[in-house]
Amino acid sequence: MQVEQYLDGIVDRQGTVHLTLIDPASQSPDRAADIARLAVAGGTDAIIIGGSTGASGMVLDQTLIKIKEHTDVPTILFPGNAGGISVYADAIFFMSLLNSRDVNYITTNQAMGAPLVYRSDIEPISMAYLIVEPGGTVGWVGDAKLIPKDKPEIAVAYSLAGKYMGMHYTYLEAGSGAEYPVTPAMIGAVKHVLGDNKLIVGGGIRDARDAEQCAAAGADMIVTGTIVEESTDIRAKIEELVMAIKK
Ligand code: 1GP
């Protein structure tokens, strides 16, 4: 429970958590470590590692090893499938894509990956993963029946289902590189029914205004990935977001 407690403790004491997403398929392990180091200097609370395509095996292991050499915040796996597990991570978002049409993304990959998590020291953090329009690559790969962005009640229904099935976290995902993040109306409606359960929001968050809007609407944690890949001053960019979401 250490990583989950660490994240929940930040929510209680400092406000919204910032998570930096690094896709191992997008750069070399050395560059990933550099990005992680700069993001931590900017105030990110943890590094999450994963991707929908090509984010497994040696490149995943090497990326984690390098990141851990250069940072001391927790590393959390954000796997696209059972291949997205590495014993070098501290924790894993053990997630089910509840609005997928494909059983592989709801329970099968989870079952195939579970024995490795059991045999390792990786801390599982149970999470309902919900993909909202436009959904991007992960929406296509995960064969999601995308939640319409103007239908908060559908996101609420899935979030409640996840909560009642015992999942501690709910992740509202608009898809990496989405033009707009999930709407404040949807975030607010979902947080209202989740109560103390934690809400993560990601996809399309690019600046302080987006981050602040998500946090004000009820996001306990926000995830940004694309901005660190695009930014020329990663530390300053992360600092801008972190300043906008902490108490
Ligand atoms: C993707 O929600 C994350 O899974 C991050 O999205 O790359 O748009 O920041 P961005």
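It should be noted that the structure appears before, not after, this text.
Note that the structure is a prediction, hence the values are computed from the model and not measured. Chains are numbered independently. Their residues run from 1 in the order of the written sequence. Only residues with pLDDT of 70 or above have their local features reported here, since the model is predicted, and side-chain atom pairs are shown and tallied only from 80 upward, although totals for entire chains, interfaces and linings are computed over all residues. Neither water nor hydrogens contribute to the side-chain values; these are computed over all heavy atoms in the structure.

Q: What exactly am I supposed to notice about the packing of aromatic side chains here?
A: When we look at a pair of aromatic rings, we describe it by the centre distance and by the angle of the planes. Centres within 6.5 Å make a pair out of two Phe, Tyr or Trp rings, where for Trp the six-membered ring is used; the pair is then stacked when the planes are under 30 degrees apart, edge-to-face when over 60, and tilted otherwise. Inspection of every chain in the model, using the stated rule, returns four aromatic pairs. With centroids separated by 5.2 Å and ring planes inclined at 10°, the aromatic side chains of Phe78 and Tyr171 adopt a geometry described as stacked. Placement of the pair is Phe78 in the loop between strand 3 (75–77) and strand 4 (91–97) and Tyr171 in strand 6 (residues 169–173), with a sequence separation of 93 residues. One aromatic cluster is present, built from ring pairs that chain together Phe78, Tyr129 and Tyr171. Strands are runs of DSSP state E lasting at least two residues, helices are runs of H or I lasting at least four, and both sets are numbered from the N terminus onward.

Q: So what exactly am I meant to see when it comes to the pattern of salt bridges here?
A: Oppositely charged side chains can pair when the atoms bearing their charge come close. Any carboxyl oxygen of Asp or Glu that lies within 4 Å of a side-chain nitrogen of Lys or Arg is treated as forming a salt bridge with it. Enumeration according to the criterion identifies 10 salt bridges in this entry. Two residues, Asp34 and Arg37, come together in a salt bridge whose shortest N-O distance is 3.0 Å. Highlighted residues: Asp34 and Arg37, both in helix 2 (residues 29–41), separated by three residues, approximately one helical turn. Of the residues examined, Asp34 reaches a relative accessible area of 29% and is grouped as partly exposed. Working definition: with a 1.4 Å probe on protein chains only, accessible area under 20% of the residue-type maximum means buried, over 50% means exposed, and in between means partly exposed. Taking relative accessible area as the criterion, Arg37 reaches 38% and is therefore assigned partly exposed. Here Arg235 makes a salt bridge to Glu239, at a shortest N to O gap of 3.8 Å. Taken as a pair, Arg235 and Glu239 lie in helix 10 (residues 234–245) at a separation of four residues, close to a single helical turn. When its relative accessible area of 33% is taken as the criterion, Glu239 is described as partly exposed.

Q: Help me understand the pairing of strand 1 (residues 17–22), please; the structure alone is not making it clear to me.
A: Every regular strand shows the same layout, with side chains that alternate between the two sheet faces. Along strand 1, six of the six residues are buried, which leaves the element largely enclosed by surrounding structure. Residues Val17, Leu19 and Leu21 point to one face of strand 1 and His18, Thr20 and Ile22 to the other, with burial holding for every one of them. Sheet analysis places strand 1 next to strand 8 (residues 221–224), joined by four bridges and oriented parallel. For Leu19, the partnering residue across the bridge sits in strand 8 and is Val223. Taken together, the four bridges between strand 1 and strand 2 (residues 46–49) define a ladder with parallel strand orientation. Bridge pairing in strand 2 places Leu21 opposite Ile48. What makes two strands pair is DSSP finding at least two bridges between them.

Geometry only, nothing functional implied.
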